Amino acid sequence: MSERFVMTQKNLDDLKKELDYLVKTKRPEIIERIAEARSHGDLSENAEYDAAREEQRSNEGKIAELEYQIKNADVREEETDNTFVHLNSVVKVYDEDMEEESVYTLTSVTDVDVMNGKISIESPIGKALLKKKKGERVNVECPDGTSYILKILSIN
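1. Concerning the overall build of the protein
And then number 1: Within the protein, the regular secondary structure consists of three helices and seven strands.
And then number 2: Against the compact-globule benchmark of 15 Å for 156 residues, the protein has a radius of gyration of 21 Å, which places it well outside the compact range.
And then number 3: Sequence separation of 24 or more characterises 52% of the internal contacts of the protein that already satisfy a separation of 6 or more.
And then number 4: Total accessible area computed for the protein in this model is approximately 9900 Å², and 48% of it derives from carbon and sulfur atoms.
And then number 5: In the protein, 23 positive and 34 negative side-chain charges are present, and the distance between their average locations comes to 5 Å.

2. Re the nonpolar core
And then number 1: Core analysis: the largest hydrophobic core is formed by 17 residues, its most contacted members being Leu-106, Leu-129 and Ile-152.
And then number 2: Elements with a contribution of two residues or more to this core: strand S3 (90-95), strand S4 (100-107), helix H3 (124-129), strand S6 (137-141) and strand S7 (147-155).
And then number 3: If sequence neighbours within four positions are ignored, Ile-152 has contacts with Val-85, Val-91, Lys-92, Val-93, Leu-129, Lys-132, Lys-133, Lys-134, Gly-135, Glu-136 and Val-138.

3. Focus on the layout of surface pockets
And then number 1: Counted as a void, the largest pocket has a volume near 240 Å³.
And then number 2: Lining the largest pocket are 13 residues, and of these Arg-76, His-86, Leu-87, Leu-130 and Lys-131 lie nearest its centre.
And then number 3: Its residues assigned to classes, the lining of the largest pocket comprises six nonpolar, one polar and six charged.

4. With respect to helix H2 (residues 47-71)
And then number 1: The terminal C-alpha atoms of H2 lie 36 Å apart, and with 25 residues this matches the ideal 36 Å at 1.5 Å per residue to within 8%.
And then number 2: Listed as buried for H2 are Tyr-49, Ala-52, Gln-56, Asn-59, Ile-63, Leu-66, Gln-69 and Ile-70.
And then number 3: A distance of 3.2 Å separates the backbone nitrogen of Glu-48 from a side-chain oxygen at the start of H2, and that oxygen is part of Asn-46.

5. Some points on unusual backbone geometry
And then number 1: Positive phi, close to 75 degrees, is recorded for Asn-88, a residue that is not glycine.
And then number 2: Structurally, the position occupied by Asn-88 is in the loop between strand S2 (73-75) and S3.
And then number 3: The backbone of Lys-131 sits at a positive phi, close to 70 degrees, despite the residue not being glycine.
And then number 4: Looking at the element boundaries, Lys-131 is found in the loop between H3 and S6.

6. Some thoughts on the packing of aromatic side chains
And then number 1: Inspection of the entire model under this criterion finds one aromatic pair.
And then number 2: Taking the centre distance of 5.8 Å and the plane angle of 85 degrees together, the rings of Phe-5 and Tyr-68 count as edge-to-face. Placement of Phe-5 in strand S1 (residues 5-7) and of Tyr-68 in helix H2 is noted, with a sequence separation of 63 residues between them.
And then number 3: Under the relative-accessibility criterion, Tyr-68 is labelled partly exposed at 34%.

7. Digging into the confidence of the model for the protein
And then number 1: Taken residue by residue, the protein gives an average pLDDT of 94. The fraction at 70 or more is 99%.
And then number 2: When pLDDT is averaged over each element of the protein, S3 comes out on top at 98 and S1 at the bottom at 91.

8. Observations concerning a negative patch on the surface
And then number 1: A cluster of like negative charges, contributed by Glu-29, Glu-32, Glu-36 and Glu-48, occupies part of the molecular surface.
And then number 2: Among the elements that take part in the negative patch, helix H1 (residues 9-38) stands out by supplying three residues, more than any other.
And then number 3: Turning to its location among the elements, Glu-32 is positioned in helix H1.
And then number 4: Take Glu-32: its relative accessible area is 61%, and that puts it in the exposed class.

9. Things to note about the environment of Ile-125
And then number 1: Inspection of the secondary structure assignment puts Ile-125 in helix H3.
And then number 2: Setting aside residues up to four positions removed in sequence, Ile-125 forms contacts with Tyr-104, Ile-119, Val-140, Tyr-148 and Leu-150.

Reading the values: the criteria
- Residues take numbers from 1 onward in each chain, read along the sequence in its written order.
- Local features in a predicted model are, by the rule used here, given only for residues with pLDDT of at least 70; side-chain atom pairs are given and counted only at 80 or more, and totals for whole chains, interfaces and linings are based on all residues.
- To get the side-chain values, take all heavy atoms of the structure and skip hydrogens and water.
- Put simply, DSSP H or I for four residues or longer makes a helix, DSSP E for two residues or longer makes a strand, and each gets a number counted from the N terminus.
- In this description the radius of gyration comes from C-alpha coordinates, and the expected globular size is given by 2.2 Å times residues to the power 0.38.
- We call two residues in contact whenever any of their non-hydrogen atoms come within 4.5 Å of each other.
- Methods summary: accessible areas were calculated by the Shrake-Rupley approach with a probe of 1.4 Å, and residue burial reflects only the protein chains presented.
- Residues counted as positive are Lys and Arg, residues counted as negative are Asp and Glu, and His and the chain ends are not counted.
- Note that the charge is assigned to NZ on lysines, CZ on arginines, CG on aspartates and CD on glutamates.
- By nonpolar core we mean a set of buried residues, namely Ala, Val, Leu, Ile, Met, Phe, Trp, Tyr and Cys, connected to one another through side-chain atoms within 4.5 Å.
- Exposed residues in this analysis have more than 50% of their type's maximum accessible area, buried residues have under 20%, and partly exposed residues fall in between, with area computed by a 1.4 Å probe over protein chains only.
- Whether a set of points on the 1 Å grid over the protein atoms alone is a cavity depends on a 1.4 Å probe fitting there but being unable to get out, while an open set qualifies as a pocket with protein on both sides within 12 Å along at least five of seven lines; lining residues are those with an atom within 4 Å of a point.
- Grid points are joined across faces, edges and corners, and a volume is the space filled by probe spheres set on the points.
- Three classes are used: nonpolar for Ala, Val, Leu, Ile, Met, Phe, Trp, Tyr, Cys and Pro, charged for Asp, Glu, Lys and Arg, and polar for all others, with Gly counted as polar.
- Here the expected span of a helix is defined as 1.5 Å times the quantity of residues minus one.
- We call two N or O atoms a polar contact when they sit within 3.5 Å, provided that within protein one can donate a hydrogen and the other can accept it, with sequence-adjacent residues counted only if both atoms are side-chain atoms.
- Within 6.5 Å between ring centres, the rings of Phe, Tyr and Trp (the latter by its six-membered ring) count as paired, and their orientation is classed by plane angle as stacked under 30 degrees, edge-to-face over 60, tilted in between.
- Known as pLDDT, the predictor's per-residue confidence is scaled from 0 to 100.
- Residues enter patches when they are more than 30% accessible in relative terms and free of salt bridges; like-charged ones are connected within 9 Å and nonpolar ones (Val, Leu, Ile, Met, Phe, Trp, Tyr) within 5 Å.
- Counted as salt bridges are all cases of a side-chain nitrogen of Lys or Arg within 4 Å of a carboxyl oxygen of Asp or Glu.

Below you can see the structure in the form of structure tokens.
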């Protein structure tokens, strides 16, 4: 069975838009750079050619990844009820052990940006918070077998 990617319609639209750009704009630009570099002669010592080919491999890999995610999208209706944690909730939590607050936005696995607090609903924290309510304490199970408690302070 294929891996499913839970997302909203907006997430799916964003993926399609990115795919369209990579296929219709970036791919032709890279092909043009490869042709230009190829016209300079000896390819064995042509750094321009090597760089363009590497960029082409990277672009084609990203295209394949996006096509797979789009094909296996599990589109969910966007929730507006902030009485519980759901996809796209912004959740403020308190880690009692570390004595610190954190804010997470629960996203689709296709929209993760950990540096900006966007975590997947498939992550250990995301799974623990999903469908919980303000004031609840949740047990986050870490991949190494340890766990810790977070208290939900607010849901937006």
